[in-house]
Amino acid sequence: QEKLQQNDTRTSRIKDSGQLSGEPAPEKALRWAAIKGDVPAVRNALDSGASVDATDKYRRHALIESAEHGNMDVLRLLIASNADTNRVDAFGNTALITAVRNKHGGTVDALLAAGADINASDAEGNTPLMIAAAKDQLDIARALIKHGARLQGKNKHGDTAADIAVRKKHDAITGLLRAQGAVATKTSGQRKASVTARLGRQQHSLSEDTQVQRPFAGWPPLMEAAWRGQVDIVRALLDQHVDVEFR
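The shown structure was predicted, so the numbers you read here are calculated from the model rather than taken from an experiment.

**Q** Explain the nonpolar core to me, please; I cannot follow it from the model alone.
**A** The nonpolar side chains of a soluble globular protein tend to be buried, and buried together. Among the nonpolar cores identified, the biggest contains 52 residues, and Leu78, Leu111, Leu129, Leu144 and Leu177 are the most heavily contacted of them. Counting residues per element, this core draws most heavily on helix α8 (residues 128–135), at six residues. Setting aside residues up to four positions removed in sequence, leucine 129 forms contacts with Ala141, Leu144, Ile145, Ala149, Arg150, Leu151, Ala161 and Leu177.

Quick look at the structure:
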C-alpha cells in the first residue's frame, strides 16, 4: 500500500550527507546527527546556523530522518526548534507517515501532540491510519483514531483502512475499525482486481522514459513494490517468477 529511488537507502543517505571527508556544512551535519540520534550534535548544528528545515536531494529534513529512525530526543528537540511537522519529501512522506511506516509508536505520539496532520497522505494516497492497518500496528491505529483520524477516506486505489486490514487479514485492526464504525467497501473480488490493476500500472511504468526525473524511474516493479512495502504486489510478482536478483 505504500512507498519509497534505487539508491535511497539509509546508508546512501548517510553518505550523501557529506560526512565522508572534511568539515560538513551545518545543514548536512544536522541531518547526519538526526540520523544517528546525536542530540549534542543536533544542538551544535542549530547553534552553527543550520536551518532546522534544510533538506537533502530527496527533500528530507532532519525531522523526517529522526522520525524514520525513532530518535525521540532528537525529534523533540527539532519540534521545539519549530521544525515543520508537515513537510513532504520527494516520495510523498511526512514525518508522521514515516514514523507510522517504521512502527515507532512513541514518535507517532510526539508528532500528534505537536499537531502533525493526521490525515496527510503519501504519493499513493495512503493516510497514517491506512499505513498502520497495512503494517498491523494496533496501538498506533488506536492512537490515530483517538486523535481523530478519518476512518472512511480512500487512497488512490479506492481502498479504505478497513479494506487494507481485511485484505491483509489483520484481524485485530479490522475489529478495531469495525468497532469505530469503519467498514470495508470492497468485495474480495474487487480487492483482487485492485491488486491486479496496481500490478499492471507498475509494470507499465517500465516502458516510460527513464530520463524522467521521478523517484522510481527505471525501477523494475518488484523493486518498487518491495521499497513501497506493497506485500500483495510482491507476492503477485513472485507468483509470476520475476527475477529476484535484479540490481
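Next comes the rest of the description.
**Q** Could you clarify how one ought to interpret the packing of aromatic side chains in this entry?
**A** Given two aromatic rings, one states the distance between the centres and the angle between the planes to describe the pair. One pass over the structure, following the stated rule, counts one aromatic pair. With a centroid separation of 5.7 Å and 35° between ring planes, the pair formed by tyrosine 58 and phenylalanine 91 is classed as tilted. Of this pair, tyrosine 58 sits in the loop between α3 (39–47) and α4 (62–69) while phenylalanine 91 sits in the loop between α5 (72–80) and α6 (95–101); the two residues are 33 residues apart in sequence, bridging distant segments of the chain. Per residue, the accessibility class of tyrosine 58 equals that of phenylalanine 91, and both read buried.

**Q** How do you make sense of helix α11 (residues 171–179) when you look at a structure like this?
**A** Given 3.6 residues per helical turn, the α-helix brings residues three or four places apart onto the same face. All of the buried residues in α11 are Ile173, Thr174, Leu176 and Leu177. Angular distribution of buried residues about the axis of α11 spans 160°; they occupy a single face of the element. Of the exposed residues in α11, the ones pointing more than 90 degrees away from its buried face are Asp171, Arg178 and Ala179. Those residues of α11 that are buried are in contact with α8, α9 (138–146) and α10 (161–167). Phi turns positive one or two residues past the end of α11, at glycine 181, with a value near 95°.

**Q** Sorry, what's going on with the side chain of histidine 157 here?
**A** Mapped onto the secondary structure, histidine 157 falls in the loop between α9 and α10. By relative accessible area, histidine 157 is classed as buried at 14%. At 2.7 Å, the side chain of histidine 157 forms a polar contact with the side chain of glutamate 124.

**Q** It is not clear to me how the environment of valine 100 should be interpreted in this structure. Could you clarify?
**A** By the secondary structure assignment, valine 100 is in helix α6. Here valine 100 falls in the buried class, since its relative accessible area comes to 0%. As for valine 100 and isoleucine 131, which are separated by 31 residues in sequence, their C-alpha atoms are 6.8 Å apart. Once residues lying within four places of it in the same chain are set aside, the contact partners of valine 100 are Val108, Pro128, Ile131, Ala132, Ile140 and Leu144.

About the thresholds
- Residues numbered from 1 in each chain as written.
- Predicted model: local features only at pLDDT ≥ 70, side-chain atom pairs only at ≥ 80, totals over all residues.
- Heavy atoms only, no water.
- Core = buried A, V, L, I, M, F, W, Y, C linked by side-chain atoms within 4.5 Å.
- Buried < 20%, exposed > 50% of the residue type's maximum accessible area, 1.4 Å probe, protein only.
- Helix = DSSP H or I, 4+ residues; strand = E, 2+ residues; numbered from the N terminus.
- Contact = heavy atoms within 4.5 Å.
- Phe/Tyr/Trp six-rings, centres within 6.5 Å; stacked < 30°, edge-to-face > 60°.
- Arc of directions from axis to C-beta.
- Polar contact = N/O pair within 3.5 Å; in protein donor to acceptor, adjacent residues only side chain to side chain.

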